[in-house]
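# Inside the fold
Here are the chains, one letter per residue:
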Amino acid sequence: MKGKNKTPHYAVRLVVLILFAGITFFVGLRFFVPEGSKLTGSYDAESLLYIASAPVEYAGSKSCGASSCHDSLFKKWAKGAHGARDEQSKCEACHGPQGNHPGKIKKLPKVRGDGNVVELCLTCHREMKARSTTGQPQISPQEHPFPHKEVLICTQCHDPHSPGFDKPATAPVGATKNSTNNVEAPNGMSAGESLASSCFSCHGPKGRGGFAPVLAGQPLGALKDKLVKFRSGELKGAVMNPVASKMKDKEIEALAQYFSGL
Amino acid sequence: MEAIHVTSFIGYVYPNETVIAWTVLIVVYPYLTGLVAGASSVSVLYTGAGLKEFKPVSRLALLAAFAFMITVPIVLLSHLGHPERALGAMITPNFASAFSMFGYFAMLYSFILFLEIWFEFRVYNVLQARNSTGLKRLFYRTLTLFDNNISTEAQEFDHRWLRRIVIFSIIGAHGLHGYVCFVFSSLKSREWWSSELTIVIFVISAVVSGIAVVMLMYLVVSAFRKSRPDEACLRGLCFYLMIFSIFTLFLEGVEFISLVYKAKEGIELIMDYVMGPMFYRFFVVQFFIGAIVPLTILFWIWRAKPSGKKLIVATSTVSVLALIQVFMMRYNVVIGGQEISKTMRGYLEYQVPVFGLEGAVAAIGAIAFSLCLTYVLVKIFTIGFEDKDIVDDSESYSTDNTAEKT
Amino acid sequence: MDKWVNFPASVDSGDTHELGPDELGRRKFITQVLGSSLMLMALPTLASTLFKKGMSETERNLIKKEYLEKYCPPGYDPFAHRWAYGIDAYKCIGCNQCMTACKIENGLPGHPSINNRWIERYTKLAGDSHVHVDTCTDPANISVSDPDNFIYRFDDRYAEADVEYSFFVPKMCNHCEKPVCTQVCPKGATFQTPDGAVLVDEDRCIGCLYCKQACPYGARYLRPIPARADGVTRVAGKCTWCWHRITKGQEPACVGICPKKALIFGDLNDPNSDISLWIKEHGRELLVLKPDMGTRPSVKYIGINEEVR
């Protein structure tokens, strides 16, 4: 019976079609194998170059000190409690990523996130049961011995670049209540200059820029306008609102004149 | 940025786990491969094992299996982050992966299934080509590879080859479905999936769902055509459905009991989870409504041998419930496995969204699509001809053939 | 009889062929199915023994050379390094600076459910039978955090409680020596470099997330936003140990930012690297997560207890 059967035409055509389609498909697939995969036998080695080419966002503290721009601050930090220990609190931990900052001079370092300085400090310094008790001071915001009744910003008493407990870097603005009526300054200093000393902890010495914006050399009108707006609450700033709310018109005038004249 | 669907959780889960990776489309995927395996098993009862009572549903089952098989890659691809790159898995397959061969296996099996259909319906396609004109004729002529030989010798040739293909088709169907299950059970990171029994349960419950879906299709078609379904066939299907349902229930029970009895790390969590958010899905829907109730009805059909309307109502109820059971089982495996956290300290509570690619509508759409496809395939291949239409026309064939050549 | 319903059965011209309802045909069929499946199962073993080819030393060196010249970042030899990572849970203060730095460095969204790394807090209260664990996805922690600005905090929920012990554990991709994720990736889009880092090829990943399922540590996710300007979405993402930094000689962003030196990174091949010294110092306390998974993690811990998963 088997010898009698001839293979029908359709069967021959079917086999030819299958062979053709199969060979085309599998040979075709070979053409799409990436060069990098041929080498490794599995993954495309070319991706290594792509992955390695990703931009670096965090430059590291050393690069801040390497250039002359932040020389003084860096030295201060390196000697202080945040930088002198083996466990360093890095620049970019508070200022945010600055890998791109050197290229763009205008974008100056400021505090990361929403600018809430107290919460920033408490990120590491809040007393918590799970936190190790050695190392950084543990602070309970409710029990922290405030020298004044008002809620203050940590940086008003502690220099963030070289923090210490005993000597407040500058007298907080709220504490100068008695002298605020008297705009005349002692020792031949201008009224603005004596007031401005409390700004330096954030805005840098002589307002040349700290982690808060540069004030020195800004236009008089702009400075005044900003302060008035901070005072009224029109402009929002976790630090500047409480500071400006206690200022008098005369003080604003004096401060603005001082900084614009630098 | 696209929306991130965060799932609520109880206890402790890894943060990244709160975004469920495999959603309801991946539930449909093993469900469909199960239907493929099941439907081709039904078809094989006649074409392979030669059980005559299953003749009326044999071809319907075959076409249904093919329709489901076409839907499987569509479902899988639409779930991928980058479906356009999927071919790459075939270009540079990573042989260590339990998933890399799926493309090849699915292709191979679809091809075997198509070959089976091609041989099964070749004679009918030749007849269709003869009786039609224009584009339709061209379509059927192409399908028959421009050869209208339906001589007795050719038909015998078809049958010899069909028998050989059927063997590989049934191996392929269950192999593919078992392989899909291995994709889940080979992961050591999830306790709920990594049981060795899972593959056996999947394959056996696949037969349950296949029998149920073919039976339901047969009943629906009969209802539309206002004709009586063949009762011997229905009873036969019910018998096999009962056997396989008992097996499924038994194995699932064994798996669950051994999980509880072994009481490895995290068993408290699993018990909390199974008794909590999974209780209705697992015990009520899957076990009681989906398994116990249909088994009772099936037992009644087997012993009491009802006929007429009673039988039709009973079988349609049973098939719907069995389909729900198997779907719920796939859901409880795929989603349930991801809801139990890898931390073994908490679980998630996933809510299937209604709309969207990951939603219930998309899943129902995929299943509806496969049913429509079955209808289309049935229309293409079988409509209009009966066995009696086939006559040996070797004489006319030889003249036709010479006419073609000249 | 309706034509549509009664599907025409196979052509039955008598019972000349083997398609009979007889017992013999059925038995034969079952034997054939079983026999063929056994043969098919034997095929892969046969094929693997036939096609397994060894590679000579010179061939291997040639490939290595081409690999180094063509595909490695200039000046970086992945064969010369074997990176490892140490986590000192005694020192971690849960400030989440590492998480912030990581997200910004690697272009992740601020959303707390998409992380390369995160910190967990394990707390055992006096009289409780189990530990409480919370992390960045905990609603109470989200409420004191600011995910839009990449700021994550732990709330002080145990201030008044009677705490038996409590500690923080940073978690990340373990860059296993035997990674499960690279094993399951269907197309080799995730892979292990010779220096031990497990990376993802964004250009080839199909986004099936099989790797996310396979990872016992929950370290993977689907990228909702591109990692960089020319990146793509909907691919698997994970920690790369900042491969773009370590190939330039820098340390990973998380290690660089940690204010407590709780994270240690270095080259095991260099006996004077931070990690080698650290391992030498703490060798007897070193632990890895889920050792029973057989993944052999490259991230080692000290200061964790048996509750940590």
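Treat the numbers as computed from the prediction; the structure is a model and nothing was measured. (Residues numbered from 1 in each chain as written. Chains lettered and ligands numbered in written order. Predicted model: local features only at pLDDT ≥ 70, side-chain atom pairs only at ≥ 80, totals over all residues.)

## Observations concerning the overall build of chain C
The cut-off we apply is this: Only DSSP runs of H or I with at least four residues qualify as helices, and only runs of E with at least two residues qualify as strands; both kinds are numbered from the N terminus onward. For a compact globule the rule gives 2.2 Å times the number of residues to the power 0.38, and the radius of gyration it is set against comes from C-alpha atoms. Three exposure classes are used, all based on how many other C-beta atoms lie within 10 Å of a residue's own C-beta (placed from the backbone): buried at 20 or more, exposed at 12 or fewer, and partly exposed between those limits. Contacts here follow a simple rule: the backbone-placed C-beta atoms of the two residues must lie within 7 Å.
Along chain C, the regular secondary structure elements total nine helices and ten strands. Taken against the 2.2 N^0.38 rule, which gives 19 Å for 309 residues, the C-alpha radius of gyration of chain C at 27 Å runs more than 25% over that of a compact globule. Taking the principal axes of its C-alpha atoms as reference, chain C extends roughly 90 × 60 × 45 Å. Here chain C holds 309 residues, and the buried ones make up 49% of them. Here the contacts in chain C between residues at least 6 apart in sequence split such that 62% fall between residues at least 24 apart.

## Points about the overall build of chain A
Of regular secondary structure, chain A possesses 14 helices and zero strands. Listing the helices and strands of chain A from first to last along the sequence gives α-α-α-α-α-α-α-α-α-α-α-α-α-α. Sequence separation of 24 or more characterises 57% of the internal contacts of chain A that already satisfy a separation of 6 or more.

## What to know about the sheet that holds strand β3 (residues 132–134) of chain C
All names here are of chain C. The condition is simple: DSSP bridges decide pairing: two strands pair if at least two such bridges lie between them. Orientation is described by axes fitted as lines to C-alpha atoms, over the contacting stretch for helices, and by angles from 0 to 180 degrees between their N-to-C directions.
With antiparallel pairing, three strands are arranged side by side in an open sheet as β3-β2-β4. The strands lining the two open edges of the sheet, one partner per strand, are β3 and β4 (163–172). Mean inter-strand twist for the sheet, computed between neighbouring axes without regard to direction, equals 20°. By the bridge criterion, nine bridges tie strand β2 (residues 117–125) to β4 in an arrangement that is antiparallel. Counterpart to Ile119 in the pairing with β4 is Pro170. This element, helix α3 (residues 97–105), spans β2 and β4 of the sheet and lies at about 160° to β2.

## Here we look at the interface of chain C and chain B
The extent of an interface is frequently quoted as the accessible surface area lost upon association of the parts. Here is the rule we go by: Three residue categories are used. Nonpolar comprises Ala, Val, Leu, Ile, Met, Phe, Trp, Tyr, Cys and Pro, charged comprises Asp, Glu, Lys and Arg, and polar comprises the others, including Gly.
At the junction of the two partners, chain C supplies 66 residues and chain B supplies 68 residues. Secondary-structure elements contributing two or more residues to the side of chain C that touches chain B are α1 (23–51), α5 (180–184), α6 (210–214) and β7 (221–222) of chain C. With eight residues, α1 of chain C is the largest single contributor of residues to the side of chain C that touches chain B. The residue inventory of the side of chain C that touches chain B, partitioned by class, reads 36 nonpolar, 20 polar and ten charged.

## Some remarks on the interface of chain C and chain A
Tallying the contact residues gives 49 residues for chain C and 39 residues for chain A. Secondary-structure elements contributing two or more residues to the side of chain C that touches chain A are α2 (57–71), α3, β2, β4, α7 (243–246) and α8 (253–257) of chain C. Taken together, the residues of the side of chain C that touches chain A sort by class into 23 nonpolar, twelve polar and 14 charged.

## Some words on the sheet that holds strand β1 (residues 83–88) of chain C
Residues and elements named next belong to chain C. Pairing in this open sheet of three strands is mixed, and the strands run β9-β1-β10 from one edge to the other. The open sheet is flanked by β9 (263–267) and β10 (299–302), the only strands paired with a single partner. If you compare each strand with its neighbour and ignore which way they point, the axes differ by 20° on average. The sheet contact formed by β1 and β10 spans four bridges and is parallel. Looking at the pairing, Ile87 lines up with Tyr301 of β10. Across the sheet, helix α9 (residues 274–282) lies against β1, β9 and β10, angled at about 115° from β9, the strand it touches most.

## Some words on the nonpolar core
One broad trend across soluble globular proteins is that nonpolar side chains are buried collectively. Worth spelling out the cut-off: Each nonpolar core comprises buried Ala, Val, Leu, Ile, Met, Phe, Trp, Tyr and Cys residues, the members being joined through C-beta atoms within 7 Å.
Of all hydrophobic cores here, the largest spans 220 residues; its most connected members are Ala64, Ala65, Val214 and Leu241 of chain B. Here the element with the most residues in this core is helix α1 (residues 24–47) of chain B; it accounts for 16 residues. Beyond its immediate chain neighbours, meaning those up to four positions away, Ala65 of chain B contacts Val36, Ala39, Ser40, Ser43, Leu113 and Ala173 of chain B. Within the second largest apolar cluster, 15 residues are counted, among which are Leu223, Leu227, Phe230 and Phe259 of chain A.

## Focus on unusual backbone geometry
In the Ramachandran plot, Ala263 of chain B falls in the positive-phi region, its phi being about 50° despite a non-glycine side chain. By the secondary structure assignment, Ala263 of chain B is in the loop between α8 (231–262) and α9 (267–275). One non-glycine residue, Cys242 of chain C, adopts positive backbone phi at about 50°. Along the chain, the position of Cys242 of chain C falls in the loop between β8 (236–237) and α7.

## Structural notes on the packing of α8 of chain B against helix α10 (residues 279–304) of chain B
The packing of two helices is summarised by the inter-axis angle and the distance between the axes. Residues and elements named next belong to chain B. The test is simple: Orientation labels follow simple angle bins: below 35 degrees gives roughly parallel, above 145 gives roughly antiparallel, 65 to 115 gives roughly perpendicular, and whatever is left gives oblique. By convention the crossing between two helices is left-handed if the near helix lies anticlockwise of the far one by an angle smaller than a right angle, and right-handed if it lies clockwise.
α10 packs onto α8 with a crossing angle of 140° between their chain directions and a minimal axis gap of 9 Å. Classified by the interaxial angle, the pair formed by α8 and α10 is oblique. Crossing of α8 over α10 shows left-handed handedness. Between α8, through Arg235, Cys238, Phe239, Leu241, Met242, Ser245, Ile246 and Leu249, and α10, the contact on the second element is made entirely by Ala291, Pro294, Leu295, Leu298, Phe299, Ile301 and Trp302.

## Quick look at the confidence of the model for chain C
All names here are of chain C. Note the following rule: Residue-level confidence of the predictor is what pLDDT reports, using numbers from 0 through 100.
Scored by pLDDT, chain C has a mean of 87; 91% of the residues are at 70 or more. Contacts of residues 1–21 to residues separated by more than four positions or lying in other chains number 46 contacts, the stretch itself having pLDDT below 50. With pTM at 0.84, the complex prediction returns an ipTM value of 0.87.

## Some remarks on the packing of helix α4 (residues 102–131) of chain B against helix α6 (residues 152–185) of chain B
Residue and element names in this part refer to chain B. Relative to each other, α4 and α6 sit at 150°, their axes nearing to 9 Å. If you check the angle between α4 and α6, you find them roughly antiparallel. In this structure, α4 meets α6 at a crossing whose hand is left-handed. Counted by class, the contact of α4 with α6 contains 18 nonpolar, three polar and four charged residues.

## Side note on the environment of Phe146 of chain B
Residue and element names in this part refer to chain B. Here Phe146 shows up in the loop between α5 (134–143) and α6. Take Phe146: there are 13 C-beta atoms within 10 Å of it, and that puts it in the partly exposed class. With 69 residues separating them along the chain, Phe146 and Met215 place their C-alpha atoms 35 Å apart.

## What to know about the environment of Gly164 of chain A
Following the sequence through the fold, Gly164 of chain A ends up in the loop between α8 (154–157) and α9 (177–180). Excluding anything up to four places from it in sequence, Gly164 of chain A contacts Ala81 and His158 of chain A.

## Quick notes on the pairing of β1 of chain C
Residue and element names in this part refer to chain C. Within β1, six of the six residues are buried, leaving the element largely enclosed by the surrounding structure. Side chains Trp83, Tyr85 and Ile87 of β1 all project onto a buried face; the interleaved residues Ala84, Gly86 and Asp88 project onto the opposite face, where all are buried too. Pairing of β1 with β9 involves five bridges; the strand directions are antiparallel. From the neighbouring strand, Tyr85 faces β9, where its bridge partner is Phe265.

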